[in-house]
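Topology and contacts: notes
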Amino acid sequence: WLLCDEFQDVNPAQAAVAKKESKSCLVIVVGDPGQSIYKLRGACTALQVLRQRAVANFALTGSFRFGPNIASVANMTQSLHADDKLTDFETLACRGLSQQPQEVKAGNFPDTRPMNHSYAVICKTNKQAITLALQFMQVEPSTPFHFLGEPLRQEILLYQALLDLRENLGSTFRYREQDFENFDDVARLGQTLRVRFKEFDLDRGVQMVNAHGSHLRQMA
C-alpha cells in the first residue's frame, strides 16, 4: 500500500506516480483543497483526479487540536467564503474535539494588556505571522515567542539574509542558483517576478526588510 499525506499540494508528476501505483497496490491519500498553498510550485487538483478512481471516500471532520469554540468560529468563517469554491469538493463543518478550555475573542493583536496567558493567532500567510510577531515583541520584549514549522523558519532566514545584504555585512545573497551582491538588484528582480510571473516570495522579503529592518534579527 501507499499512504500520501497533504495531497492537496502535490504536483502533476507526483500525482501521476500515485495514480500509476494505484493499479497495483492500495493507495490512501489524505488532503484538504481548502489548505492548498503550493500552487506556485505546480500543485494541482490531484485529489479530484484520484477521486474518480477511488473505491471509497471518507470525510475527516473532527480535530483534537481545538475545541468547539474555535470550531464554531472556523465554520462561520468558512460560510462567509462559501462562494469562493476552488474545487467541486463539498465544504464540511468541522468539529472541535479538544477538552482543553479555550476562549475566542475578537480584537486587535497584540494589544497593551498584560500577556498573562497563551495566545494562538491564525494567519493566512507567513508574512502576517512574522509581522504580528514583530509587533508582539515590541509590546512584550521579555515574553518567549516561538515559531513552529520549517517553511516559516525558512522564510525568516530569507528575510535575515536579505537584511545582511542590505546592510553590507560582506555577504552575498543566493537565489535560484544566482549570487547577488547588491540589495537593489534583488529588489528589482523581486518586482519583476511579482509583475510578470505572479511570484511574490522575493518581493515580499524585500518589503519586510525595508519595513522592519534590524528587528528581524530578534527572531530565532
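Please refer to the structure higher up on the page.
Now for a look at the structure at hand. Keep in mind that what you see is a predicted model, and the values were worked out from it rather than measured.

**A word on the pattern of salt bridges**
Summed over the entire model, instances satisfying the criterion amount to 5 salt bridges. The salt bridge partner of Asp 179 is Arg 174, with a shortest N-O separation of 2.9 Å. You can call Asp 179 partly exposed: its relative accessible area is 46%. Since its relative accessible area comes to 48%, Arg 174 is described here as partly exposed.

**Considering the packing of aromatic side chains**
Counting across every chain of the model gives 1 aromatic pair. Residues Phe 173 and Tyr 175 carry aromatic rings whose centres are separated by 6.3 Å and whose planes lie at 10° to one another, so their mutual orientation is stacked. As far as burial versus exposure is concerned, Phe 173 and Tyr 175 are alike and both buried.

**As for a nonpolar patch on the surface**
There is a patch of nonpolar side chains on the surface, built from Trp 1, Leu 3, Leu 26, Ile 28, Val 30 and Leu 60 and spanning about 690 Å² of accessible area. Relative to the helices and strands, Trp 1 resides in the segment before β1 (2-4).

**Observations concerning the environment of Ser 63**
Position of Ser 63 relative to the elements: it lies in strand β3 (residues 62-63). Accessibility expressed as a relative area gives 16% for Ser 63, which makes it buried. In sequence terms Ser 63 and Gly 96 are 33 residues apart; their C-alpha atoms lie 5.4 Å from each other. If we ignore the near neighbours within four places in the chain, the residues touching Ser 63 are Arg 95, Gly 96, Leu 97 and Ser 98.

Cut-offs applied
- Residues numbered from 1 in each chain as written.
- Predicted model: local features only at pLDDT ≥ 70, side-chain atom pairs only at ≥ 80, totals over all residues.
- Heavy atoms only, no water.
- Salt bridge = Lys/Arg side-chain N within 4 Å of Asp/Glu carboxyl O.
- Buried < 20%, exposed > 50% of the residue type's maximum accessible area, 1.4 Å probe, protein only.
- Phe/Tyr/Trp six-rings, centres within 6.5 Å; stacked < 30°, edge-to-face > 60°.
- Patch = residues over 30% accessible without salt bridge, like charges linked within 9 Å, V, L, I, M, F, W, Y side chains within 5 Å.
- Areas by Shrake-Rupley, 256 points an atom, 1.4 Å probe, with all protein chains shown as cover.
- Helix = DSSP H or I, 4+ residues; strand = E, 2+ residues; numbered from the N terminus.
- Contact = heavy atoms within 4.5 Å.

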